[in-house]
Structures are given as C-alpha cells and as structure tokens.
Amino acid sequence: MTVTPLLERDTLDSVAARIRSHVVDMCAGPEGGHLGGAFSCADVLTALYFSVLNVDPDRPDDPERDRFLLSKGHAAVGLYATLAERGFFPVGELAGYGRPGSRLMGHPVRAVPGVELPTGSLGHGLALGCGFALAARYAGRASRTFVLLGDGELQEGSVWEAAIAAASLRLDRLIAVVDRNGLQLTGATEGIAPMEPLAERWRSFGWAVRDVDGHDPARLAEHLGAAPWEPGKPSVLIARTVKGQGLPFLAGRSASHYVTLSPRNHARAINALRATETAG
C-alpha cells in the first residue's frame, strides 16, 4: 500500500469542485442533506483522500491502512461524494442517496466501503480515534488515524475527555481536524458557547496545533501529510472555513445547515459552482 502522491493544486481544486457538485445533486433529492457543513469540509476531505491518507479503494479493510473518522457524521453527503470520487464505490450510486434500500444514509454506516464506524452522535469520534491509534501502536503499525470534528461539536465534554486521554497516552499518530466554520444549527458558535482562543485551548490540553485556511487543499495536504508535528503529541489542525463555501446564496449562513434544494435553487447552485470553477 502506498500513500496517494501529493497532487497539483489545480487537480485538488478540481476534485473539491466535483465533490461539491455531487453534494448539491444529493441535496436536491427528496431527503435533502447537510449541505453547509459538507461544503465547509470539502477541501479537507479532498486533501486527505487525494494526497494524505494511506488507503486503497480495492482493499478498504487492509490492516495497514490509515483510518479516517467523520465525527461530524451529519456531513455524510460530503464523505460519500469523496469516497465515490476516490473509487470506493461507483459515482452513479450517489443518485440513490437517502432512498429506500440505499446504503447511503443520512449518517455514515459500515455498509459503505471506506466507512470505519457509524458516526454522527456528536462528541464520540475523537474517543473512537484514540482507540484506533492505540490499537495501531499495540499492533506495531505505522498507520495514522484522522478525525474530522465540527466546531459546534466541541461543546461536548466527551471531546475534551478524549483530548486529555490522547495527550496522556502520547498518541502522536492521532490527528484531529476541526472544521471551524463558526456556525452550528442554531447560530454562531461564539454566540452560543464561545471557544476562542481555540488554538490555545488545544495547546493547554497537550496537543500540537496548527491554525490554517481550510479552503486551500494543497496547503492542507502539506500540513496533514507532515503530521505528527511534535514527537509524543497528538496533532490538531484548526481549519478556518465558511459554511456553504462556494454558494453565494447560502455561504456563511446557518440556513445552509440542512437544505432540500428546489429545482430553482439546484440550478442556482450548479451555476454558482461552474462560475467559481471558471474563475479559478
């Protein structure tokens, strides 16, 4: 098994654009989907699956693989789009998202190739990641474990219990990514439970911290590919993002959290993504 080589910036941007396009199509279905949070983490998922993770779509259960956990499991449409683009299952299957009989449910489940564990009950993913990282250590494997968390999710005390455990156990093969889009279902995170200075909070728990632009997949890949950043410390990347990034009529709005796109808004979204890609 080999890690996917670092792709050119233009290639990564194109992959991220396709992921967002798939998400738009899924959110135009009868069930809708969590578009805003899927869009904010699309560049992170692109960097991980197309430049960083040691995974093989033909052998999704390879014991030497890196593990990825989408702790913010409500962004499943983003993960499904990414896994399909990476070759874990046919892109055409995305059209069945949320339909009776489909394995592509509102939150990820293990029936989907590439999904390690069911997630979405917020606050559990980092603890699960600790378990994977500790198991890899005991097995003598060099694999890394990556966990993507939402910033609203950080209001769960279980996240910080896991953070304490990871630092105490010196799990430096564990890497967390915080999708810091500043919004949750009911409003701005800073107006509900202020988190800043977020980087200092993580450092006080014994983690190595980097705070970066979450919409630059090439730079994200460089940072994530270099982890662990400090021997003996778990790493956390705070990715500064915009909820609904790429759609002017939804970007930066709590209303993007969960949407069922009407035919008109579906067309608006597609046109906006095309305009962004052309401008790039």
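To keep things clear, this report deals only with the structure shown in the data block. None of the values given here were measured: they were computed from a predicted structure.

1. Focus on the overall build of the chain
- Counting its secondary structure elements, the chain contains ten helices and seven strands.
- In terms of overall dimensions, the chain is globule-like: its C-alpha atoms have a radius of gyration of 17 Å, near the 19 Å expected for 280 residues.
- Taken along its principal axes, the extent of the C-alpha atoms in the chain is 50 × 45 × 35 Å.
- Evaluated residue by residue, the chain yields a buried proportion of 55% over its 280 residues.
- For the chain, the exposed surface amounts to about 11300 Å²; the carbon and sulfur share of it is 53%.
- If you average the places of the 28 positive and of the 30 negative side-chain charges in the chain, the two averages end up 1 Å apart.

2. Describing the side chain of H22
- With respect to the helices and strands, H22 occurs in helix α1 (residues 9-27).
- In this structure H22 comes out as buried when scored by relative accessible area, which is 15%.
- In contact with H22, other than residues within four places in its own chain, are A81, E85, V91 and L94.

3. Details of the environment of Y258
- Along the chain, Y258 falls in the loop between β7 (235-240) and α10 (263-279).
- A sequence separation of 137 residues divides Y258 from S121, and the C-alpha atoms of the two residues are 16 Å apart.
- Setting aside its immediate chain neighbours within four residues, Y258 contacts E31, G32, G33 and H34.
- There is a polar contact of 2.3 Å between the side chain of Y258 and the backbone oxygen of E31.

4. Looking at the packing of aromatic side chains
- Counted by the stated rule, this structure contains six aromatic pairs.
- Between the aromatic rings of Y49 and F68, the centroid separation amounts to 5.6 Å while the plane-to-plane angle is 75°, which identifies the pairing as edge-to-face. In this pair, Y49 sits in helix α3 (residues 42-52) while F68 sits in strand β1 (residues 67-70), placing the two residues 19 residues apart along the sequence.
- The class for F68 is buried, based on a relative accessible area of 5%.
- Ring centres of Y80 and Y97 lie 6.3 Å apart, and the angle between their planes is 55°; on these two criteria the pair is classed as tilted. Highlighted residues: Y80 in helix α4 (residues 76-86) and Y97 in the loop between α4 and α5 (125-139), separated in sequence by 17 residues. Assigned by exposure class, Y80 and Y97 land together as buried.
- Pairwise contacts between aromatic rings join W160, W202, F205 and W207 into one cluster.
- Above the face of the F39 ring, R20 is positioned so that its terminal group lies 5.7 Å from the ring centre.

5. A short note on α1
- Here α1 is 19 residues long and its end C-alpha atoms lie 27 Å apart, about the 27 Å a rise of 1.5 Å per residue gives.
- Those residues of α1 that fall on the buried side of the exposure criterion are L12, V15, A16, A17, I19, R20, H22, V23, V24, M26 and C27.

6. Some thoughts on the side chain of D62
- Looking at the secondary structure, you find D62 in the loop between α3 and β1.
- By relative accessible area, D62 is classed as buried at 6%.
- Among the polar contacts made by the side chain of D62, one reaches the main-chain amide nitrogen of E64 at a distance of 2.8 Å.

7. Notes on the pattern of salt bridges
- Under the definition given, this model contains 16 salt bridges.
- For R18, the salt bridge identified is with E85, shortest N-O distance 2.9 Å. Taken together, the residues span a long stretch of sequence, with R18 in helix α1 and E85 in helix α4 at a distance of 67 residues.
- The partly exposed category is assigned to R18, whose relative accessible area is 37%.
- A salt bridge links R141 to E64, with the shortest nitrogen-to-oxygen separation between them at 3.3 Å. You can see R141 sitting in the loop between α5 and β2 (145-150) and its partner E64 sitting in the loop between α3 and β1, a full 77 residues away along the chain.
- Owing to a relative accessible area of 39%, E64 belongs among the partly exposed residues under this scheme.
- What emerges from the salt-bridge pattern is a single network uniting D151, R180, E190, E196, D211 and R240.

8. Some thoughts on the nonpolar core
- In terms of nonpolar packing, the biggest core is built from 60 residues, with L35, L48, Y49, F68, F89 and L247 touching the most fellow members.
- The dominant element in this core, judged by the number of residues it contributes, is α3, at eight residues.
- Of all hydrophobic cores here, the second largest spans 26 residues; its members include L149, V178, W202 and W207.

Conventions adopted
- Residues numbered from 1 in each chain as written.
- Predicted model: local features only at pLDDT ≥ 70, side-chain atom pairs only at ≥ 80, totals over all residues.
- Heavy atoms only, no water.
- Helix = DSSP H or I, 4+ residues; strand = E, 2+ residues; numbered from the N terminus.
- Rg over C-alpha atoms; globule rule 2.2 N^0.38 Å.
- Buried < 20%, exposed > 50% of the residue type's maximum accessible area, 1.4 Å probe, protein only.
- Areas by Shrake-Rupley, 256 points an atom, 1.4 Å probe, with all protein chains shown as cover.
- Lys, Arg positive; Asp, Glu negative; His and termini not counted.
- Charge placed at Lys NZ, Arg CZ, Asp CG, Glu CD.
- Contact = heavy atoms within 4.5 Å.
- Polar contact = N/O pair within 3.5 Å; in protein donor to acceptor, adjacent residues only side chain to side chain.
- Phe/Tyr/Trp six-rings, centres within 6.5 Å; stacked < 30°, edge-to-face > 60°.
- Lys NZ or Arg CZ within 6 Å of the ring centre and 35° of its normal.
- Expected span 1.5 Å × (residues − 1).
- Salt bridge = Lys/Arg side-chain N within 4 Å of Asp/Glu carboxyl O.
- Core = buried A, V, L, I, M, F, W, Y, C linked by side-chain atoms within 4.5 Å.

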